[in-house]
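# What the coordinates show
The primary structure of each chain is shown beneath.
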Amino acid sequence: MEHADAVPIAELLDERRYLLDVAYWMLGGPREAEDVVDETYRRWYGLSDAERRRITAARSWLAKTAGGICLSRLTHPDRGATGRKEVHRTETGDTEGVPPRLVAEVSRVLLNALDSLPPPERAVFVLHDAFGMAPDTVADIVGRTEPECAELADRARHCLRTRRSHPTTPEEHDALVRAVRGACASEDAEQLASLLCPDATAFFDGGGKVRTLIRPAHGSRGVAHSLLTLLAHRPRTTLTTHSVNGRTGLVARYDRRVAAVISLDVTDHRVAQVWVVLNPEKLRSWNRPPAPGPDHL
């Protein structure tokens, strides 16, 4: 190592802790965070000496690389469980780390909410809002323009506010989901739209393995139209209620095989967000064997 490459041990440890924080809040698990940071340093040492000398801000390069690895793992259909544990208070004492106000606010509820966000929205929120990365850096990591990232961040903030306020009881949630199921079964667009928040959003996860909407559907009528189109009655199709992530959701089957799992976030007695999983890889457990005892149409 050249003298110019020497770094104080305190800076080295602080740098690694910062990267672990970034990876932890993007992926939700300490084990995954460790893997990401290890891979980040492997890429650093995989550079030639000349390439490393051209990097004027090593910590920024490392953070950008770690963020890119995390986003890749979030969007990869086979990334598996996060292995999330109890949320811990970080020890970062640098202004580039998690802001104290956010650290104090973060809880298991917030981490669960982050886990429900689509990968690009989660990445933008964590990198920009939590870690204060520059908009152009975040845009580069996520692969979107800065205006698109700003929109993703707004959606993420709205979703997190929705999930953390106006809680509904399990009974209220169950009743609303059953009403949505009924509206879908009768193909009543007006009734379905009335059960949705005016600014409702629907997200569709096909994992690149089925042809579905690439961008989210917005607005009560837009979401209602997309759901009714997706769930249109065809021979050998059924729509049932079923427990999804501990709450009542919907399961669509074709020829008795689960083709879509739908979870709904509720606020103020209406559906605010709809999450539709169509990725066959993520539905394997649902089809091995079929879930018993749902309420059929």
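Attention in this report is confined to the structure presented alongside it. Sequence order as written defines the numbering, with residues in each chain counted from 1. With pLDDT at 70 or above as the cut-off, local features in this predicted model cover only qualifying residues; side-chain atom pairs require 80 or more to be listed or tallied, and sums for whole chains, interfaces and linings still use all residues. The basis for every side-chain value is the complete set of heavy atoms in the structure, and neither hydrogens nor water enter the calculation.

We now examine the packing of aromatic side chains. Side-chain rings of Phe, Tyr and Trp, where Trp is taken by its six-membered ring, are said to pair if the distance between their centres is within 6.5 Å; with planes under 30 degrees apart they count as stacked, over 60 as edge-to-face, and otherwise as tilted. As enumerated under the stated definition, the model contains four aromatic pairs in all. With 4.4 Å between their ring centres and 15° between their planes, Phe-203 and Trp-275 make a pair best called stacked. Residue Phe-203 is found in strand 1 (residues 196-205), and its partner Trp-275 is found in strand 6 (residues 270-277); the two are separated by 72 residues along the sequence. Each member of the pair, Phe-203 together with Trp-275, is buried. For a ring to carry a charge above it, either NZ of a lysine or CZ of an arginine must fall within 6 Å of the ring centroid while also lying within 35 degrees of the normal to the ring plane. Over the ring of Tyr-18 we find Arg-59, and its NZ or CZ is 4.4 Å from the ring centre. In this text, helices come from DSSP runs of H or I with a minimum length of four residues, and strands from runs of E with a minimum of two, each type numbered from the N-terminal end. Residue burial is assigned from relative accessible area. The probe radius is 1.4 Å, only protein chains are included, and a residue is buried under 20% of its type maximum, exposed over 50%, and partly exposed in between.

Let's shift gears to the pattern of salt bridges. When a carboxyl oxygen of Asp or Glu lies within 4 Å of a side-chain nitrogen of Lys or Arg, that pair is called a salt bridge. One pass over the structure, following the stated rule, counts 14 salt bridges. Among the ionic pairs, Arg-247 bridges to Asp-265, the shortest N-O distance being 2.8 Å. Taken as a pair, Arg-247 in strand 4 (residues 247-254) and Asp-265 in strand 5 (residues 257-267) lie far apart in primary sequence, 18 residues in all. Residue Arg-247 is classed as partly exposed on the basis of its relative accessible area, which comes to 35%. In this structure Asp-265 comes out as buried when scored by relative accessible area, which is 4%. Through salt bridges that share partners, Asp-14, Arg-17 and Arg-59 make up one connected network.

With that out of the way, let us pick up the sheet that holds strand 1. One requirement defines pairing of two strands: DSSP has to find at least two bridges between them. Spatially, six strands are ordered 2-1-6-5-4-3 in an open sheet, and the strand pairing comes out mixed. Bordering the open sheet on either side are strand 2 (217-218) and strand 3 (237-244), each of which pairs with just one other strand. Contacts are assigned to residue pairs with any non-hydrogen atoms lying within 4.5 Å of each other. Only the stretch in contact is used when a helix axis is fitted, and all axes are lines through C-alpha atoms; the angle between N-to-C directions ranges over 0 to 180 degrees. Sitting on the sheet, helix 10 (residues 170-185) touches strand 3, strand 4, strand 5 and strand 6, and the angle it makes with strand 4 is about 25°.

Expected helix span is taken as 1.5 Å per residue step, with the number of steps being one fewer than the number of residues. Compared with an ideal rise of 1.5 Å per residue, which puts 17 residues at 24 Å, helix 2 (residues 30-46) spans 24 Å between its outermost C-alpha atoms and is within 8% of the ideal. Among the residues making up helix 2, those that are buried are Glu-32, Ala-33, Val-36, Val-37, Thr-40, Tyr-41 and Trp-44. Taken together, the buried residues of helix 2 touch helix 1 (9-27), helix 3 (49-53) and helix 4 (58-75).

A few words now on helix 10. Spanning 16 residues, helix 10 covers 22 Å between terminal C-alpha atoms, matching the ideal 22 Å at 1.5 Å per step. Listing the buried residues of helix 10 in full gives His-173, Leu-176, Val-177, Val-180, Arg-181, Ala-183 and Cys-184. Seen end-on, helix 10 carries its buried residues on one side only, within an arc spanning 165°. Next to the buried residues of helix 10 lie helix 11 (189-194), helix 12 (220-230), strand 3, strand 4, strand 5 and strand 6. Of the residues one or two after helix 10, Glu-187 is the one with positive phi, at around 55°. Within this analysis, the arc is defined by the directions that extend from the helix axis to the C-beta atoms.

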